Structure formats: structure tokens, C-alpha cells
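Each chain, letter by letter, is given below.
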Amino acid sequence: MKNSSMGTSLLVLLVFATLTYCSDARLQSCQPSGKIRGIKPPPGQCNPENDSDCCKQGKMYTTYKCSPPVMGNTKAVLTLNSFQKGGDGGGPSECDNQYHSDDTPVVALSTGWYSGGDRCLNYITISANDKSVKAKVVDECDSTMGCDDEHDYQPPCPNNIVDASKAVWEALGIPEGDWGEYDITWSDA
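Predicted model only: the values in this text are computed from it and were never measured. (Residues numbered from 1 in each chain as written. Predicted model: local features only at pLDDT ≥ 70, side-chain atom pairs only at ≥ 80, totals over all residues. Heavy atoms only, no water.)

Draft legend 1. Focus on the nonpolar core. Judged by nonpolar contacts, the single largest core of 24 residues is most densely connected at L78, V107, I126, V162 and V168. Elements supplying a minimum of two residues to this core: β3 (74-80), β4 (106-110), α2 (111-114), β5 (123-128), β6 (131-141), β7 (161-164), α3 (166-171) and β8 (181-188). Setting aside residues no more than four positions away along its own chain, L78 makes contact with V162, A164, V168, W169, L172, I174, G180, E181, Y182 and I184. Ranked by size, the runner-up nonpolar core spans eight residues in total, among them V77, V106, V138 and C157. (Core = buried A, V, L, I, M, F, W, Y, C linked by side-chain atoms within 4.5 Å. Buried < 20%, exposed > 50% of the residue type's maximum accessible area, 1.4 Å probe, protein only. Helix = DSSP H or I, 4+ residues; strand = E, 2+ residues; numbered from the N terminus. Contact = heavy atoms within 4.5 Å.)

Draft legend 2. Examining the sheet that holds β8 more closely. Here six strands make up a closed barrel; going around it, the order is β3-β7-β4-β6-β5-β8 and the pairing mixed. Along the sheet, successive strands turn relative to each other by an average axial angle of 45 degrees, direction set aside. As defined by bridge partners, β3 adjoins β7 across four bridges and the pair is classed as parallel. Within the sheet, the bridge partner assigned to T79 lies in β7 and is D163. (Pairing = 2+ DSSP bridges. Axes fitted to C-alpha atoms, helices over the stretch in contact; angles between N-to-C directions.)

Draft legend 3. Seen up close, the pairing of β8. Bridge count for β3 against β8 is six bridges, and the pairing is antiparallel. Within the sheet, the bridge partner assigned to T74 lies in β8 and is W186. Bridge count between β5 and β8: four bridges; the pairing is antiparallel. Directly across from I126, in β8, lies its bridge partner W186.

Draft legend 4. Spatial organisation of the pattern of salt bridges. All told, the structure shown has one salt bridge when counted by the stated rule. Taking the shortest distance from any N to any O, the salt bridge between D188 and R119 comes out at 2.7 Å. With D188 in strand β8 and R119 in the loop between α2 and β5, the pair connects residues that are 69 residues apart, well separated along the chain. (Salt bridge = Lys/Arg side-chain N within 4 Å of Asp/Glu carboxyl O.)

Draft legend 5. Layout of the side chain of D142. Its location among the elements puts D142 in the loop between β6 and β7. One buried charge, D142, has no salt-bridge partner; the nearest side chain with opposite charge is K65, at 11 Å. Side chain to side chain, D142 and T144 meet in a polar contact 2.6 Å long. Separated by 3.2 Å, the side chain of D142 and the backbone nitrogen of M145 make a polar contact. Beyond its immediate sequence surroundings of up to four residues, D142 is in contact with T111, H151, P156 and C157. (Lys, Arg positive; Asp, Glu negative; His and termini not counted. Polar contact = N/O pair within 3.5 Å; in protein donor to acceptor, adjacent residues only side chain to side chain.)

Draft legend 6. Quick look at the environment of Y64. Along the chain, Y64 falls in the loop between β2 (60-63) and β3. Accessibility expressed as a relative area gives 17% for Y64, which makes it buried. Each C-alpha atom, one on Y64 and one on D142, is 8.7 Å from the other, the two residues being 78 residues apart in sequence. Non-local contacts of Y64, meaning those with residues more than four positions away in its chain, are made with C30, Q31, P32, S33, T111, S143, T144 and N159.

As far as function goes, none of this settles anything; it's purely spatial.
Written as C-alpha cells, this is what we have:
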């Protein structure tokens, strides 16, 4: 009886240790990959439309090569971006080398979720406020680089961003006064 009780205790301890290790490993699977030092944008070179940040001289910005694991409903932060020519998104979208109207539900995903373009031109479902909208992935919100001409002198994206056009915000019924950053969930459509 002692051996059975001791065996059961060891088994429970082993399972707990394994679950704890796996959980910690998953959480640690997306650690910062480095930092970059901000530079002051040349005059007129950073578009602050939609409350976009411009790099600050000497400030250190964290970079990521990964994003949190994608589950059924992955938690993220929705940010606002203009994918139109002249908008704060900078150049044409990476997936199709095109600009997109603010009236079209399109998004850019943080580097890890963008997955080297694997989600390009696919749709994701974004949910908030008991509403959902399908949006096309057209660009990467670069989490690995920033503060240069290619990135409109904006800092690297955090690793949990769904950067969306105005059409997405409107479809979710988010009041315009709350536009900027908003907690959402998303999944592949």
C-alpha cells in the first residue's frame, strides 16, 4: 500500500512538473530579441496620423522576432493605421504592393503572427464588444526593426498588435473617441 501511495504521489508530482515546465516554456517562447536605439526623424519624415508614435532620439525600443502563440481566440491589442497612399502606414502593403482604402477592412500583424507572409491575403476574424469582423491581412507590423526611413521613423511594433484600418474599428462599433488602442481577440478565419 505504501508503494502504491508513493507511486501515485510521484506520478502527480511528475505530471505537475511537466505541466509547469511546458507552461513556462510556452510563455518563454516569445522573449524580446533585442533593442534598437531611436533616432530623431528628419523634419516631416514621421507621420503622426492616428496617434502614431515617432521615434525619440536615444530612447531604447524592444524588438521581437515572435508573437504569443495563436490559439482559438488570441488576445491582442488593436491599433489604428491608414493603409492609404500618404497614410501613417508608410509605403504600399507588403503582401500585394498596393495601398488600401480606409473603408476596406485590412490589417497588419506583428512579425510573429505575420509569419514571414504566411498569412498574406488571408482573412482573420477580429472580435470585441460582442461583434466580429473579417479583415484581410495585407501587411506586417514590424516588431524587429524601426526608427528608420523604411518604417516611417516609427518604433518597432510590440509583438501583440493587430494594426487595423478605420473600417475594422467601425465594424466593431468602437466609439471614435476610443480609437487608438483597444483590447481584442482574433483568430484565423
